Amino acid sequence: VCARGVAQLLSPLYSTVIPPSFSTNKMASIQTTVKPVAVQKLSGARSSSFVAPRNFAAKLSAKVARSAKLHCVSAAAVEHKTGVSRNANIGKLQAGYLFPEIARLRNEHLANNPDAKIISLGIGDTTEPIPKPIVDGMKAAADALGTREGYSGYGAEQGQGPLRQALADTFYPGMVPSDEIFVSDGSKCDISRLQMMFGPEVTVAVQDPSYPAYVDTSVMMGMTGEFNTGVSQFNNIAYMTCNKANGFFPDLSVAKDCDVIFFCSPNNPTGASATKEELTQLVNFAKENGCIIVYDAAYSIYIEDDNCPKTIYEIEGAKEVAIETCSFSKFAGFTGVRLGWTVVPEALKFADGSSVRTDWNRVMTTCFNGASNLAQAGGMAALSAEGMASMNELVTFYKENAVMLKSCFDELGFKTFGGTNAPYVWIDFEGRSSWEVFSEILSKTDIVTTPGVGFGPAGEGFVRVSAFGGRENVEEAIRRFKAAYGN
């Protein structure tokens, strides 16, 4: 209701003066309905209430008829818009981000099948409790915050010194000094901040298929053209196809004109782990073509093959061309705790000779206040002797799940990849739509997987199954898969 307009109409009809402070929230209720204006409820004048006279409706109607300026409308009918234009780059993104879309379909299935016992082997979220030695470290840090001596506020944006040193000693002995390691709230967040550092003018290459954040953040930053529906790719991104024919290691030549190459090993989603020879080829290619590699090592702790490096810095010359990002998420079950790190070597330079590390430090100190004190305490505990032992135990548990799932699909006659050096099994449903298979599996088994095409067009025909699950759920999932797809 247009409160002030009605107030102007009412004032001549009453001896009571309606004050300028008239508000629909303060006038007493009037139940009289008048055409063409319906006055349903006005509340709040200084007098607690008033009653319309007998001829109120007629007088008000006549008054309205004479008023050409009064327009009373429901507030809900008017949509306010700001003058701010939408970011056109975000407008380029296709549909929703992959994993929220999967969650939406899962919830839709559950709504239609309320008795379904859903097992999620889709999003790579850890399920097992964080090991006790690591939890104890976080508890002690939390208790210390409640004491005068143990309290700490803001810390260094780059991370606590002892944790940076422990990371260097544990994962990069003799390769990376602690001041080249930047502790953060996880690799995904660092990928976005790296894109901010590079800026919209760089050109990008990604493995296809690969983790969707590489492409989506490139689109958001304005590094790409529009989405090309003909090939299901964004223009101005180099998609390096990884498939059965090339052993899931791409033809790098398609990235020869690119500035930044995103490369993940073990790869999410295929589970393929690059060999020392392949990574040497990647590093040499980057050197020859002036590229920077963003190397995602989030699953490196799952590598068993001695010929597959756990860090790109095992390769000679990598510090001159590569940034490496990693995380405790799949190491210690920190998907919710949030703790990771990124290595930016001092030897890595931009085209003008300036330090990439200096710019990264500026981004981190400007856009980030440092990882949580408690999360960093958990990281320190994880890198202790007892913590490492328990962390490796946890990783072994998930690796056993991967072997079980891979064996299940092998027995059912499917061609599978991954599942040995990675916590993902990449299953070939050749000739079929990934989303169709995803829906079929959900419908037949009440199991959530991930459609391969969600990771890029080269993932079409594949489905990814995650080994992150409780043992009872994985065993039940195997029973359901065999019942649905067994002969």
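Residues numbered from 1 in each chain as written. Predicted model: local features only at pLDDT ≥ 70, side-chain atom pairs only at ≥ 80, totals over all residues. Heavy atoms only, no water.

Description of the overall build of the protein
Note the threshold: Each helix is a run of H or I in the DSSP string that is no shorter than four residues. Each strand is a run of E no shorter than two, and both are numbered from the N terminus. Contacts were defined at the residue level, with two residues in contact if any of their heavy atoms lie within 4.5 Å. Where accessible areas are quoted, they stem from the Shrake-Rupley method and a 1.4 Å probe; at the residue level, only the protein chains shown are allowed to cover.
The secondary structure content of the protein amounts to 15 helices and 15 strands. Considering only contacts in the protein between residues 6 or more positions apart, those separated by 24 or more positions represent 71%. Carbon and sulfur atoms provide 50% of the accessible area of the protein, an area that totals close to 22,800 Å².

A few points about the sheet that holds strand β11 (residues 415-418)
Counted only if it meets this: A pair of strands counts as paired when DSSP detects no fewer than two bridges linking them. Lines fitted to C-alpha atoms define the axes, with helix axes restricted to the stretch in contact, and inter-axis angles between N-to-C directions lie between 0 and 180 degrees.
Strands sit in the order β11-β12-β15-β14 across an open sheet of four strands; the sheet is antiparallel. Bordering the open sheet on either side are β11 and β14 (450-451), each of which pairs with just one other strand. In this structure, β11 lies alongside strand β12 (residues 424-428), joined through four bridges in antiparallel fashion. Across the sheet, residue Lys415 finds its bridge partner in β12, namely Asp428. Contacts from helix α13 (residues 385-411) reach β11, β12 and β15 (462-466), with the element oriented near 160° to β11. Each of β14 and β15 touches helix α14 (residues 434-445); the most contacted strand, β15, lies at about 45° to it.

Section: the packing of aromatic side chains
Heads up, the rule is: Each pair of aromatic rings taken from Phe, Tyr and Trp, with Trp reduced to its six-membered ring, is defined by centres within 6.5 Å and is described as stacked if the planes are under 30 degrees apart, edge-to-face if over 60, and tilted in the remaining cases. Categorising residues by exposure relies on relative accessible area from a 1.4 Å probe, with only protein chains included: less than 20% of the type maximum marks a residue as buried, more than 50% marks it as exposed, and the intermediate range marks it as partly exposed. Placement of a positive charge over a ring is assigned whenever Lys NZ or Arg CZ falls within 6 Å of the ring centre and within 35 degrees of the normal to the ring plane.
A complete count under the given rule lists 26 aromatic pairs for this structure. Centroid distance Phe409 to Phe481: 4.7 Å. Interplanar angle 55°. Geometry classified as tilted. Placement of Phe409 in helix α13 and of Phe481 in helix α15 (residues 471-485) is noted, with a sequence separation of 72 residues between them. For the pair shown, Phe409 and Phe481 are each scored as buried. Centroid distance Phe429 to Tyr485: 6.3 Å. Interplanar angle 70°. Geometry classified as edge-to-face. Residue Phe429 is located in the loop between β12 and α14, and its partner Tyr485 is located in helix α15; the two are separated by 56 residues in the primary sequence. This pair shows no difference in class: Phe429 is buried, exactly as Tyr485 is. Members of the aromatic cluster, joined through ring pairs, are Tyr299, Tyr302, Phe397, Tyr398, Tyr424 and Phe468. Its guanidinium or amino end placed over the ring of Phe182, Arg164 lies 5.5 Å from that ring's centre, counting from NZ or CZ.

Observations regarding the pairing of strand β10 (residues 340-343)
Neither face of β10 is exposed, since Gly340 and Thr342 on one face and Trp341 and Val343 on the opposite face are all buried. Across four bridges, strand β2 (residues 181-184) lies against β10 in antiparallel orientation. Within β10, the residue paired with Ser184 across the bridge is Gly340. Pairing analysis gives four bridges linking strand β9 (residues 322-327) to β10, with the strands arranged antiparallel. By the bridge assignment for β10, Thr325 is matched with Thr342.

Observations regarding the pattern of salt bridges
Note the threshold: We define a salt bridge as a contact between a side-chain nitrogen of Lys or Arg and a carboxyl oxygen of Asp or Glu at a distance within 4 Å.
The final tally for this structure, using the stated rule, is 19 salt bridges. Among the salt bridges present, the one from Glu400 reaches Arg471, with a minimum N-O distance of 3.2 Å. With Glu400 in helix α13 and Arg471 in helix α15, this residue pair connects regions lying 71 residues apart in the sequence. We classify Arg471 as partly exposed; its relative accessible area is 23%.

Section: the packing of helix α7 (residues 187-198) against helix α8 (residues 212-221)
For clarity, the threshold we go by: The crossing is said to be left-handed when, going from far helix to near helix, the turn is anticlockwise and less than a right angle, and right-handed when the turn is clockwise.
Relative orientation of the contacting elements α7 and α8 amounts to 35°, with a least axis distance of 10 Å. By crossing handedness, the relation of α7 to α8 is classed as right-handed. Counting all contacts with α7, which are made through Ile191, Ser192, Gln195 and Met196, the residues of α8 involved are Tyr214, Thr217, Ser218 and Met221.

These values are about where atoms sit, not about what they do.
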